[in-house]
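Per-entry structural report
Chain by chain, the residues:
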Amino acid sequence: MTCNPQIAEGWHGKLNLVYADRKGTTQLIYNHQQAPLKVQRPFYPEGEKVCHSVILHTAGGMVGGDRLSSNIHLQPQTQALITTAAASKIYRSNGLQARQTIQMQVDAGACLEWLPQETILFNDAIYRQDLRVELATGASWLGWEITRFGRSARGEKFLQGEWRSHTEIWQQDVPLWIDRQWVRGSEETFHSLHALAGKPIVGSLVWVGGAVSGEIVEKTRNLWDGEGEAGVSRLQHGLLCRYRGASTSEVRNWFIDVWQMLRVSFLNRGNCIPRVWQV
């Protein structure tokens, strides 16, 4: 009887991407990938300045023992939008933790839009994500995270397992945003007002790139028109949006509206929805 060591020990997918400015065009100049991570060929739906990239996870989902490691570097004056081809699935654990580590370096004058599709945690999944962003002076970053606890469309709740999400954004050795979240699956956690409050979906959107006016905060709040719970806060160097509710489309639509508004206000860009979202 044979044993596939990748299955026994878990996958360790790796992705290393470097973007550079070449005469006003942002190009992916270095791409090292190791299964099950892969990146599609870059494309330019809004002109050569902004490079769109789509990350694929060819295994379909993560199980206990899997590791994903990504390093993304935007050299000076580059502009990149990175998303994922589909929702990420974290399957029921075999007792081991599935873990994703993402390191991002955004150099002077560069802007990274990090817009992955939602993460779905199956009941009894054990998952941790660590994301660290290093911003140079004059760089900016916009990212979001949308997590569904349990396959709620099937009536499943996240009553066993564990989820940890740790995000850090630094600039010149100064922390601009540090966010640690931890949810342990249980009836108490699922129903507690201080945790999920019976809502299976949480989301965070963060923009770090400059001072945000009170008018922008008010516009962001006015864009919200849903049944879940939403909050908007002004950061020292940006903006934070939070969501807790039961509808992926509700949080996605709000986050997209906020993202597009921030694009116009800070990046001098128009609307451009990634093609992979429309499939």
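Residues numbered from 1 in each chain as written. Predicted model: local features only at pLDDT ≥ 70, side-chain atom pairs only at ≥ 80, totals over all residues. Heavy atoms only, no water.

Going by an unreviewed UniProt entry, the protein carries the name Urease accessory protein UreD and comes from Nostoc flagelliforme FACHB-838. Among the UniProt annotations of the protein, the heading Subunit (unreviewed entry) holds the following wording: "UreD, UreF and UreG form a complex that acts as a GTP-hydrolysis-dependent molecular chaperone, activating the urease apoprotein by helping to assemble the nickel containing metallocenter of UreC. The UreE protein probably delivers the nickel." A UniProt comment under Subcellular location (unreviewed entry) is attached to the protein, and it reads "Cytoplasm". (UniProt positions renumbered as here; feature names shortened; annotations may be inferred.)

**Considerations on the packing of helix α3 (residues 214-222) against helix α4 (residues 248-267)**
Look at α3 against α4: their axes get within 10 Å of each other, and the N-to-C directions meet at 150°. When the axes of α3 and α4 are compared, the pair comes out roughly antiparallel. Handedness of the α3/α4 crossing: right-handed. Only Trp254, Val258, Met261, Leu262 and Ser265 of α4 make contact with α3, whose side of the interface consists of Ile216, Lys219 and Thr220. Here the residues of the contact of α3 with α4 are counted per class, giving five nonpolar, two polar and one charged. (Axes fitted to C-alpha atoms, helices over the stretch in contact; angles between N-to-C directions. Helix = DSSP H or I, 4+ residues; strand = E, 2+ residues; numbered from the N terminus. Parallel < 35°, antiparallel > 145°, perpendicular 65-115°, else oblique. Left-handed = near helix turned anticlockwise from the far one by under 90°. Contact = heavy atoms within 4.5 Å. Nonpolar A, V, L, I, M, F, W, Y, C, P; charged D, E, K, R; others polar.)

**Things to note about the pairing of strand β14 (residues 174-184)**
For strand β13 (residues 162-171) and β14, the ladder comprises ten bridges, and the chain directions are antiparallel. The partner of isoleucine 169 across the bridge, within β14, is tryptophan 177. As consecutive antiparallel partners, β13 and β14 are separated by two residues, and within that stretch glutamine 172 has a phi angle of approximately 55°, a positive value. (Pairing = 2+ DSSP bridges.)

**Section: the pairing of strand β8 (residues 98-106)**
Look at any regular strand and the pattern is simple: side chains alternate between the two faces of the sheet. The alternating pattern of β8 places Ala98, Gln100, Ile102, Met104 and Val106 on a buried face, while none of Arg99, Thr101, Gln103 and Gln105, on the opposite face, is buried. Of the strand pairs in this sheet, strand β5 (residues 67-74) and β8 are connected by eight bridges, and their pairing is parallel. Counterpart to serine 69 in the pairing with β8 is threonine 101. Two elements, β8 and strand β11 (residues 126-135), share nine bridges in a ladder whose sense is parallel. Bridged to threonine 101 within β11 is aspartate 130. (Buried < 20%, exposed > 50% of the residue type's maximum accessible area, 1.4 Å probe, protein only.)

**Remarks on α4**
With 20 residues, α4 should cover 28 Å at 1.5 Å per step; its first-to-last C-alpha distance of 26 Å lies within 8% of that length. In the stretch just after α4, asparagine 268 is the one whose phi turns positive, near 55°. (Expected span 1.5 Å × (residues − 1).)

**Considerations on the nonpolar core**
Counting residues in hydrophobic clusters, the biggest one holds 44 residues, and the most contacted among them are Tyr19, Ile72, Met104, Leu112, Trp114, Leu135 and Trp141. Not counting chain neighbours up to four residues away, the residues in contact with leucine 135 comprise Val106, Ser140, Trp141, Ile169, Trp170, Gln171, Gln172, Leu176 and Val208. Ranked by size, the runner-up nonpolar core spans 30 residues in total, among them Ile146, Tyr243, Val251 and Leu262. (Core = buried A, V, L, I, M, F, W, Y, C linked by side-chain atoms within 4.5 Å.)

**Details of the packing of aromatic side chains**
In this structure the tally under the stated criterion is eleven aromatic pairs. When the centroid spacing of 5.1 Å and the interplanar angle of 85° are considered together, the rings of phenylalanine 149 and tryptophan 163 count as edge-to-face. Of this pair, phenylalanine 149 sits in strand β12 (residues 140-149) while tryptophan 163 sits in strand β13; the two residues are 14 residues apart in sequence, bridging distant segments of the chain. Like phenylalanine 149, the residue tryptophan 163 is buried in the burial classification. Judged by centre distance (5.6 Å) and plane angle (40°), the rings of tryptophan 254 and phenylalanine 255 are tilted. Assigned by exposure class, tryptophan 254 and phenylalanine 255 land together as buried. Among the aromatic residues, those joined into a cluster by ring pairs are Trp144, Trp224, Tyr243, Trp254, Phe255, Trp259 and Trp277. Between arginine 252 and the ring centre of tryptophan 277, over which it is positioned, the NZ or CZ distance is 5.3 Å. (Phe/Tyr/Trp six-rings, centres within 6.5 Å; stacked < 30°, edge-to-face > 60°. Lys NZ or Arg CZ within 6 Å of the ring centre and 35° of its normal.)

**A word on the side chain of arginine 269**
Inspection of the secondary structure assignment puts arginine 269 in the segment after α4. In this structure the side chain of arginine 269 is engaged in a polar contact, spanning 2.5 Å, whose partner is the side chain of glutamate 113. (Polar contact = N/O pair within 3.5 Å; in protein donor to acceptor, adjacent residues only side chain to side chain.)

**Describing the pattern of salt bridges**
Within this structure, the stated rule accounts for 17 salt bridges. Among the salt bridges present, the one from aspartate 21 reaches lysine 49, with a minimum N-O distance of 3.4 Å. Highlighted residues: aspartate 21 in strand β1 (residues 12-22) and lysine 49 in the loop between β3 (37-39) and β4 (50-57), separated in sequence by 28 residues. Residue class for aspartate 21 comes out partly exposed when judged on its relative accessible area of 27%. Via salt bridges that share partners, Glu46, Glu113, Arg263 and Arg269 belong to a single interconnected network. (Salt bridge = Lys/Arg side-chain N within 4 Å of Asp/Glu carboxyl O.)

**Some details on the environment of serine 140**
As for its position among the elements, serine 140 is in strand β12. Owing to a relative accessible area of 7%, serine 140 belongs among the buried residues under this scheme. Measuring from C-alpha to C-alpha, the distance between serine 140 and valine 208 comes to 5.7 Å, with 68 residues separating the pair along the chain. Among residues more than four places away in sequence, those in contact with serine 140 are Val106, Ala110, Cys111, Leu112, Leu135, Trp207, Val208, Gly209 and Leu267.

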